[in-house]
Amino acid sequence: MSTLEKQLHMGRLPPRPPMPGGLQSGSKMRMGPGRKRDFSPVPWSQYFESMEDVVVESETGKDSFRIYKSGSEGPVLLLLHGGGHSALSWAVFTTAIIGRIQCRVVALDQRGHGETKVKNPEDLSAETMARDIGNVVEALYGDLPPPIMLIGHSMGGAIAVHTAAANLIPSLLGLCMIDVVEGTAMDALNSMQNFLRSRPKTFKSLENAIEWSVKSGQIRNLDSARVSMVGQVKQCEEATSPEGPKALVEGIIEEEEEDEEENGGQSINKRKKEDDTETKKERPYTWRIELSKTEKYWDGWFRGLSNLFLSCSIPKQLLLAGVDRLDKDLTIGQMQGKFQMQVLPQCGHAVHEDAPDKV
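Definitions and cut-offs
- Residues numbered from 1 in each chain as written.
- Predicted model: local features only at pLDDT ≥ 70, side-chain atom pairs only at ≥ 80, totals over all residues.
- Heavy atoms only, no water.
- UniProt positions renumbered as here; feature names shortened; annotations may be inferred.
- Core = buried A, V, L, I, M, F, W, Y, C linked by side-chain atoms within 4.5 Å.
- Buried < 20%, exposed > 50% of the residue type's maximum accessible area, 1.4 Å probe, protein only.
- Contact = heavy atoms within 4.5 Å.
- Helix = DSSP H or I, 4+ residues; strand = E, 2+ residues; numbered from the N terminus.
- Arc of directions from axis to C-beta.
- Phe/Tyr/Trp six-rings, centres within 6.5 Å; stacked < 30°, edge-to-face > 60°.
- Pairing = 2+ DSSP bridges.
- Axes fitted to C-alpha atoms, helices over the stretch in contact; angles between N-to-C directions.
- Salt bridge = Lys/Arg side-chain N within 4 Å of Asp/Glu carboxyl O.
- Right-handed = clockwise from strand over helix to strand, strands pointing away.

- Under the annotation held in an unreviewed UniProt entry, the chain carries the name protein phosphatase methylesterase-1 and is attributed to Engystomops pustulosus.
- For the record of the chain, the UniProt heading Sequence similarities (unreviewed entry) holds the text "Belongs to the AB hydrolase superfamily."

Structural data, given as structure tokens:
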């Protein structure tokens, strides 16, 4: 699992070596005998108060951005997810923050992600994605937007910085980057494609996808995985060969062997055959966005990010899952008190999902 936290969202090296079977130490949540964990999906409505599609006029036509909202008064926390994720990755955090302070939360599916529909979903340049954020704010609030704080995770953190630096939100109150550092991100780009190739191509069900995300350590909080994985995967257009799910089933076997007695002695092979047969007759799920095809934009998201972040005059915060990889510019900036830094250990890269209360 050392690849996942380092590479999927290009954030940082994991704080400790991976355990056999791809699980971080402490992430294997065993339950009592005979009790199975529930991997069924949970709807967005359990965490957000409302959902809407914001239509923005662009040069090429109309673009529709999916947003989820909670709260009715106070400053707006505008939340930007990481690469491959969706606004639903902020679900559990939204409930946590709304319960603590008076604020409004707006979580946005960025172009090419989630349920957002744009004319050109392939254009994921930092400039275009930052312009999207400004356009959505204008569509929501007109010429007099309320005070807004931008909070972005990984790729979303980079886009938040580009948005702030380009002065696209006139009422910007503050900026928070979660677990993204230019130096580490640039280092991770070389091995990103290898990591993406190593992920399962398809899952036979949403439950399967949620189970993979937790057992692989991508999301260490089952509550968050049950709502946020729905935004990462979609049903395939047509039935595909079971090769992808077969690889996935094999990947989960290590942990399942311990559960064999609980399942009344049902053998792994028998279960695997049933899984394969099921896959053949069902339409499996696959990733909503092919991240490997976005490679030409990665450099633009992260290069120069540290200085761009430091150049923003508003109050700034950097939230990290570990201090192992602050780059030179950020180290100097932190010593000069140019931003507030908070480290949340015992988290994976998806800090806001793993530890929403701490965030």
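### What about the nonpolar core?
Item 1. Counting residues in hydrophobic clusters, the biggest one holds 51 residues, and the most contacted among them are Leu 150, Leu 175, Trp 301, Phe 302 and Phe 309.
Item 2. Discounting residues that sit within four places of it in the chain, Leu 150 has contacts with Leu 78, Leu 80, Ile 133, Ala 160, Thr 163, Ala 164, Ile 169, Leu 172, Gly 174, Leu 175 and Cys 176.
Item 3. In this structure, Ala 91, Val 105, Leu 319 and Cys 347 belong to the second largest nonpolar core, which totals 26 residues.

### Some remarks on helix α10 (residues 295–302)
Item 1. Every buried residue of α10 is accounted for by Tyr 297, Trp 298, Trp 301 and Phe 302. Summarising the axial view, the buried residues of α10 lie within an arc of 120°, below the 170-degree limit, and thus occupy one face.
Item 2. In this structure, the buried residues of α10 make contact with α3 (126–141), α4 (155–165), α5 (182–198) and α11 (305–311).

### Considering the packing of aromatic side chains
Item 1. Tallying each qualifying case throughout the model produces eight aromatic pairs.
Item 2. Plain terms: the ring middles of Trp 90 and Phe 93 are 5.7 Å apart, the flat faces sit at 65° to each other, and that makes the pair edge-to-face. Across this residue pair, the class does not change: Trp 90 and Phe 93 are buried.
Item 3. Taken together, a centroid distance of 5.4 Å and an interplanar angle of 65° make the contact between Phe 309 and Phe 339 edge-to-face. Here Phe 309 is found in helix α11, whereas its partner Phe 339 is found in the loop between α12 (328–335) and β11 (340–343), with 30 residues between them in sequence. The exposure classification of Phe 309 matches that of Phe 339, with both residues buried.

### Quick notes on the sheet that holds strand β4 (residues 104–108)
Item 1. Sheet architecture is open: eight strands sit in the order β1-β2-β4-β3-β5-β6-β10-β11, paired in mixed fashion. Each edge of the open sheet carries a strand with a single partner, namely β1 (50–58) and β11. Each neighbouring strand pair of the sheet contributes to a mean axis angle of 25°, computed without reference to strand direction.
Item 2. Looking at chain direction, strand β3 (residues 76–80) and β4 are connected through five bridges and run parallel. Bridge assignment links Leu 78 to a residue of β4, and that residue is Val 106.
Item 3. Its contacts with the sheet put α3 on β1, β2 (61–70), β3, β4 and β5 (148–153), and the angle it makes with β1 is roughly 110°.
Item 4. Each of β3, β5 and β6 (172–178) touches α4; the most contacted strand, β5, lies at about 145° to it.

### Thoughts on the pattern of salt bridges
Item 1. Applying the stated criterion across every chain, the model contains twelve salt bridges.
Item 2. The partner of Lys 62 in a salt bridge is Glu 57, with the nearest N and O atoms 3.9 Å apart.
Item 3. Its relative accessible area of 52% is what places Lys 62 among the exposed residues.
Item 4. With relative accessibility at 59%, the residue Glu 57 sits in the exposed group.
Item 5. A salt bridge links Arg 303 to Asp 299; its shortest N-O distance comes to 2.7 Å.

### What about helix α6 (residues 206–215)?
An α-helix turns once per 3.6 residues; consequently, residues spaced three or four apart project the same way.
Item 1. Counting buried residues in α6 gives nine out of ten residues, a clear majority hidden from the surface.
Item 2. Among all positions in α6, only Leu 206, Asn 208, Ala 209, Ile 210, Glu 211, Trp 212, Ser 213, Val 214 and Lys 215 are buried.
Item 3. Gly 217 occupies a position one or two residues after α6 and carries a positive phi of about 90°.

### Looking at unusual backbone geometry
Item 1. Phi is positive for Asn 167, close to 55°, though the residue is something other than glycine.
Item 2. With respect to the helices, strands and loops of the structure, Asn 167 is situated in the loop between α4 and β6.
Item 3. Within the chain, Asp 179 stands out as a residue other than glycine whose phi angle is a positive 50°.

### A closer look at the pairing of β4
Item 1. Within β4, four of the five residues are buried, leaving the element largely enclosed by the surrounding structure.
Item 2. Regarding topology, helix α2 (residues 91–98) serves as the crossover connection from β3 to the parallel β4, and that connection is right-handed.

### Things to note about the UniProt feature "active site" (unreviewed entry) in the chain
Item 1. Under the feature "active site" (unreviewed entry), the UniProt entry names Ser 154, Asp 179 and His 349. These annotated residues cover 196 residues of sequence, and their C-alpha atoms lie no more than 8.4 Å from one another, placing them together at a single site.
Item 2. Relative to the helices and strands, Ser 154 resides in the loop between β5 and α4.
Item 3. A relative accessible area of 0% means that Ser 154 is categorised as buried.
Item 4. For His 349, a relative accessible area of 3% puts it in the buried group.

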